Amino acid sequence: DTGVSQNPRHKITKRGQNVTFRCDPISEHNRLYWYRQTLGQGPEFLTYFQNEAQLEKSRLLSDRFSAERPKGSFSTLEIQRTEQGDSAMYLCASSLDPAGAGELFFGEGSRLTVL
Amino acid sequence: SQQGEEDPQALSIQEGENATMNCSYKTSINNLQWYRQNSGRGLVHLILIRSNEREKHSGRLRVTLDTSKKSSSLLITASRAADTASYFCATAPGSNDYKLSFGAGTTVTVRA
């Protein structure tokens, strides 16, 4: 399967613990995005990378959140000192857009439950 | 904050009927896209319409865009049970801004 892969698919953790999600984009895609989705809402933009450079971060991404994309391949999203409000689906997407925003290819998401 | 708003929030139709949902947005756009999401899954891209286009078709899907009213509609013809999903519109603000903003979605239920 050459789609976007996210791991783990589900994570249950206790408040205060750190969690890390991994995203493997489609191999030739240079752009990678992280979105967060809560129940009944649409995805909310968190951050995006062009190759290894993190070009934009949402104000939703507090200092407890950090994202990396070393060598412009896979990406990780770490949440430190998790809070119950962090419970959500974290979606990764990738794209290859030579001219402007185009179609995003999404992974199946990583669902986080903070107890 | 989310750029687009879909209407209605939920829609229930009989198999074979058409489903229409609308999206309104606030700022100028480069393009508008529609995505489908089955429960608990990722989003799947359906169709993209550019700001200089007014209508686009893809299989049983028809999308219109009215930039003067800042609105778009998605029509699914001859619906099937497999069309049961949430549908989201997403706007791309400009040619150098790659961040898509999604609405809250329309949940469509197709009854057999």
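So, how was this worked out
- Residues numbered from 1 in each chain as written.
- Chains lettered and ligands numbered in written order.
- Predicted model: local features only at pLDDT ≥ 70, side-chain atom pairs only at ≥ 80, totals over all residues.
- Heavy atoms only, no water.
- Contact = heavy atoms within 4.5 Å.
- Buried area = accessible area lost by both parts, 1.4 Å probe.
- Salt bridge = Lys/Arg side-chain N within 4 Å of Asp/Glu carboxyl O.
- Polar contact = N/O pair within 3.5 Å; in protein donor to acceptor, adjacent residues only side chain to side chain.
- Helix = DSSP H or I, 4+ residues; strand = E, 2+ residues; numbered from the N terminus.
- Nonpolar A, V, L, I, M, F, W, Y, C, P; charged D, E, K, R; others polar.
- Core = buried A, V, L, I, M, F, W, Y, C linked by side-chain atoms within 4.5 Å.
- Buried < 20%, exposed > 50% of the residue type's maximum accessible area, 1.4 Å probe, protein only.

Q: Outline the interface of chain A and chain B, supporting the account with residue identities and numerical values.
A: Between chain A and chain B, the residue contacts involve 24 residues of the former and 22 residues of the latter. Carbon and sulfur atoms supply 51% of the area that chain A and chain B bury against each other, a total of about 1,800 Å² over both sides. Applying the counting rule to chain A against chain B returns two salt bridges. Two residues, R41(B) and E108(A), come together in a salt bridge whose shortest N-O distance is 2.8 Å. Taken together, the connections running from chain A to chain B amount to seven residue pairs in polar contact (both at pLDDT 80 or more). Secondary structure elements with two or more residues in the side of chain A that touches chain B: β4 (31–37), β5 (44–50) and β9 (88–95) of chain A. Counted by class, the side of chain A that touches chain B contains 10 nonpolar, eight polar and six charged residues.

Q: Lay out the pattern of salt bridges in plain terms, naming residues and giving numbers.
A: Taken as a whole, this structure holds eight salt bridges over all chains when the rule is applied. A cluster of three or more residues bridged by salt bridges with shared partners is formed by R64(A), E83(A) and D86(A).

Q: Hey, could you go over the nonpolar core for me, with residue numbers and the actual values?
A: With 21 residues, the main nonpolar core has M21(B), L32(B), W34(B), L46(B), L74(B), I76(B) and Y87(B) as its most contacted residues. Looking at this core, the elements that each hand over two or more residues are β3 (19–24), β4 (31–37), β5 (43–50), β7 (61–66), β8 (71–76), β9 (85–92) and β11 (106–111) of chain B. Counting residues in each nonpolar core, the second largest holds 19 residues, with V4(A), F49(A), A67(A) and A88(A) among its members.

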